[in-house]
Amino acid sequence: MLARLPLVLFAAAALAIPYSVQRIFLHTGIEKKMGTVQKIFYFHVPLAWIMMALAVACGIAAAIQLRRRSQLAESISIATGELVLITGLAVLVTGPIWGHATWGRAWTWDARQVSTGLLWLIFAAFVLLRRYGAAGSERLAAALAVFGAVDVPVIYYAVKIWKTTHPSTDVVGSLPPQMWASLWPALGALVCVTLGLLLVRIRQEQDQAGLDEAWIALDTGGK
Amino acid sequence: MSLVRQSWLLAKNDLVQELRDLEMVMTAAFFTLVVLVMFALSFAALPAADQTLAVPGMLWLAIAFVGALTLTRIFDREREADTLRAVLTWPVDRVAIYFGKLGVTLLVVTGCGALLMPALALLFPAAEVFLERPLESATLLVLGCVAYCAVGTLFAAGLATASGKNVLLSVILYPLTSPALIFALVATRALLEGHPALTTYLGQLAALDAMLVALASWLFEPVLLGNVVKPVRSAPRRRPMKE
């Protein structure tokens, strides 16, 4: 059943995405102040939530990997770290598109923008270290992920106090309940895709570790 | 032997070796001088109003660069002589190795900061506050450097055991220390502007320091050794460092 779970999740996403898109574009009103461009909100906000959740999950998995030497935790930390990079990139692309249409500027140095950018950089460093680091750097990458997860609120607060001396930005105001109601199917669809990808990537890492162990066993057994 | 004493003895050992050739201190001080000259050439004609914005950036960028330079060298003796394993077998708490190295790094980086602050004050009128309020300036410098070095020492140690790919230190260090550097920038700007919230910012920076040092010391052993199997330490096997 667990092996087929990614397929189930992708199938659910295949149904949820068209439903969500038609609901957002055909059955949800156009926001008066921002116009049609506000529709990006239904993708941008869930992606940002998913990115934050993945960053925290990556930090927790990395801490378990470091303290308990768990292969499963290591696989989860790799998969979540890589997905933070992908979802973060999507957030950093959709955010400025929305910002450009709403504020007239793609990048306003808003606290959320900068903190998302910095968090993305930390996880980019995590992926670089996993990919190009020498033997033993997996522990270092895990420590980086722990710091990254802990840094989430710190970065946000740091940028917020830094912004007190900069011009303030008129961030999006409150939205009517029916617009929030259209957000949940979009969130569900994106969560299904993310979880499906996560499970596939975890399985890949587990298989890789199994192959490595088999190779070592074969090598040492041959001697 | 207490953790403080163990850390002090390890730091003293490094300092004695450093005093023999002053390699790390001299290169860091020279690098600071070069960065200062470059800042002076680039920003000498900056209007006084803009200097308040630029000086904090110059100070903390220079410290970030000097810090990275120092951190790439801090475990070099152990790596070059392949003595890190020997250090790990010493009958001391392993976290004392972290605190010892942190102390040495902090000394070098804070020393460079102590050169930077008066030099910036001489070059830029907006930075004269550094000389007028030395106590606040020194507190700010130490607190900012502790946050930077606390993270840096952990990752420098990790890279020292990872077959010498030290180039990755900058990749790791700058994104991870950005919140600490932003806090330091905010506090420096408050100092230059005479902002009343300076004390609050310094308090927040101190809290961040405590959190980063605690987290780094918690992670030091698993990062360095790959597991948390504690060495069996019976009473007779624990000997003072001096022996």
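Residues numbered from 1 in each chain as written. Chains lettered and ligands numbered in written order. Predicted model: local features only at pLDDT ≥ 70, side-chain atom pairs only at ≥ 80, totals over all residues. Heavy atoms only, no water.

*Asks:* Even after reading the chapter, I still don't get helix 2 (residues 41-68) of chain A, so can you show me in this structure?
*Replies:* Since the α-helix packs 3.6 residues into each turn, any two residues three or four apart lie on the same face. End to end, helix 2 of chain A covers 40 Å across 28 residues, agreeing with the expected 40 Å (1.5 Å per residue, within 8%). Looking one or two residues beyond helix 2 of chain A, the residue adopting positive phi is Arg69(A), at roughly 55°. (Helix = DSSP H or I, 4+ residues; strand = E, 2+ residues; numbered from the N terminus. Expected span 1.5 Å × (residues − 1).)

*Asks:* How should the packing of aromatic side chains be read in this particular structure?
*Replies:* Residues and elements named next belong to chain A. Under the definition given, this model contains ten aromatic pairs over all chains. Pairing Phe 41 with Trp 98 gives two aromatic rings, centres 5.9 Å apart and planes at 65°, and the pair type is edge-to-face. Of this pair, Phe 41 sits in helix 2 while Trp 98 sits in helix 3 (residues 71-103), placing them 57 residues apart in sequence. Side by side, Phe 41 and Trp 98 carry an identical accessibility label, which is buried. Seen from their ring centres, Trp 49 and Trp 184 are 6.1 Å apart, and the 25° between their planes marks the pair as stacked. (Phe/Tyr/Trp six-rings, centres within 6.5 Å; stacked < 30°, edge-to-face > 60°. Buried < 20%, exposed > 50% of the residue type's maximum accessible area, 1.4 Å probe, protein only.)

*Asks:* Which parts of the structure should I look at to understand the side chain of Glu205(A)?
*Replies:* Residues and elements named next belong to chain A. Within the secondary structure layout, Glu 205 lies in helix 6 (residues 177-222). A polar contact of 3.0 Å, which involves the side chain of Glu 205, links it to the side chain of Arg 201. In this structure, Glu 205 is in contact with Gln 71, Ser 75 and Ile 78, ignoring residues within four places of it in sequence. (Polar contact = N/O pair within 3.5 Å; in protein donor to acceptor, adjacent residues only side chain to side chain. Contact = heavy atoms within 4.5 Å.)

*Asks:* Would you mind showing me how to read unusual backbone geometry here?
*Replies:* Phi angles above zero are rare outside glycine, and Arg69(A) is one such case at about 55°. Position of Arg69(A) among the secondary structure elements: in the loop between helix 2 and helix 3. Residue Arg69(A) is classed as exposed on the basis of its relative accessible area of 53%. At Leu22(B), a residue that is not glycine, the phi angle is positive and equals roughly 55°.

*Asks:* Looking at this structure, how should I read the state of the cysteines?
*Replies:* Disulfides are covalent bonds that link the sulfur atoms of two cysteine residues. Residue and element names in this part refer to chain B. Enumeration according to the criterion identifies zero disulfides over all chains in this entry. With no disulfide of its own, Cys 149 lies 5.8 Å from the sulfur of Cys 145, the closest cysteine sulfur. For Cys 149, a relative accessible area of 0% translates into the label buried. (Disulfide = S-S within 2.5 Å.)

*Asks:* Got a minute to help me understand the nonpolar core in this structure?
*Replies:* One broad trend across soluble globular proteins is that nonpolar side chains are buried collectively. Formed by 127 residues in total, the largest nonpolar core has its most connected members in Leu144(A), Phe147(A), Leu120(B), Phe130(B), Leu154(B), Phe155(B) and Leu219(B). Take this core: its biggest share by element is 16 residues, from helix 8 (residues 134-160) of chain B. Among all residues touching Leu144(A), those that are not within four sequence positions of it are Ile122(A), Ala125(A), Phe126(A), Leu129(A), Phe155(B), Ile172(B) and Leu176(B). (Core = buried A, V, L, I, M, F, W, Y, C linked by side-chain atoms within 4.5 Å.)

*Asks:* When you look at the interface of chain B and chain A in this model, what are you seeing that I'm missing?
*Replies:* As a measure of interface size, the accessible area lost when the parts come together is often cited. Between chain B and chain A, the contact holds 36 residues from the first and 34 residues from the second. For the pair chain B and chain A, the summed buried area comes to about 3,100 Å², and 76% of that belongs to carbon and sulfur atoms. Three residues, Leu176(B), Ile182(B) and Trp218(B), lead the burial of chain B against chain A; their summed loss comes to 15% of the area buried on that side. In this structure, the connection of chain B to chain A is made through zero salt bridges. Where chain B packs against chain A, one counts three residue pairs in polar contact (both at pLDDT 80 or more). The set of elements that each furnish at least two residues to the side of chain B that touches chain A consists of helix 8, helix 9 (168-193) and helix 10 (198-225) of chain B. Sort the elements by how many residues they give to the side of chain B that touches chain A and helix 10 of chain B lands first, with 13 residues. (Buried area = accessible area lost by both parts, 1.4 Å probe. Salt bridge = Lys/Arg side-chain N within 4 Å of Asp/Glu carboxyl O.)

*Asks:* Please explain the packing of helix 1 (residues 3-21) of chain B against helix 6 (residues 94-123) of chain B as it appears in this structure.
*Replies:* When two helices pack together, their arrangement is given by the angle between their axes and by how far apart the axes lie. Residue and element names in this part refer to chain B. Here helix 1 crosses helix 6 at 50°, and the two axes come no closer than 8 Å. Regarding the angle of helix 1 to helix 6, the classification is oblique. Judged by the sense of rotation from one axis to the other, the crossing of helix 1 with helix 6 is right-handed. Counting all contacts with helix 1, which are made through Leu 3, Gln 6, Ser 7, Leu 10, Ala 11, Asp 14 and Leu 15, the residues of helix 6 involved are Val 95, Ala 96, Ile 97, Phe 99, Gly 100, Lys 101, Val 104 and Leu 107. For the contact of helix 1 with helix 6, a count of residues per class yields ten nonpolar, three polar and two charged. (Axes fitted to C-alpha atoms, helices over the stretch in contact; angles between N-to-C directions. Parallel < 35°, antiparallel > 145°, perpendicular 65-115°, else oblique. Left-handed = near helix turned anticlockwise from the far one by under 90°. Nonpolar A, V, L, I, M, F, W, Y, C, P; charged D, E, K, R; others polar.)

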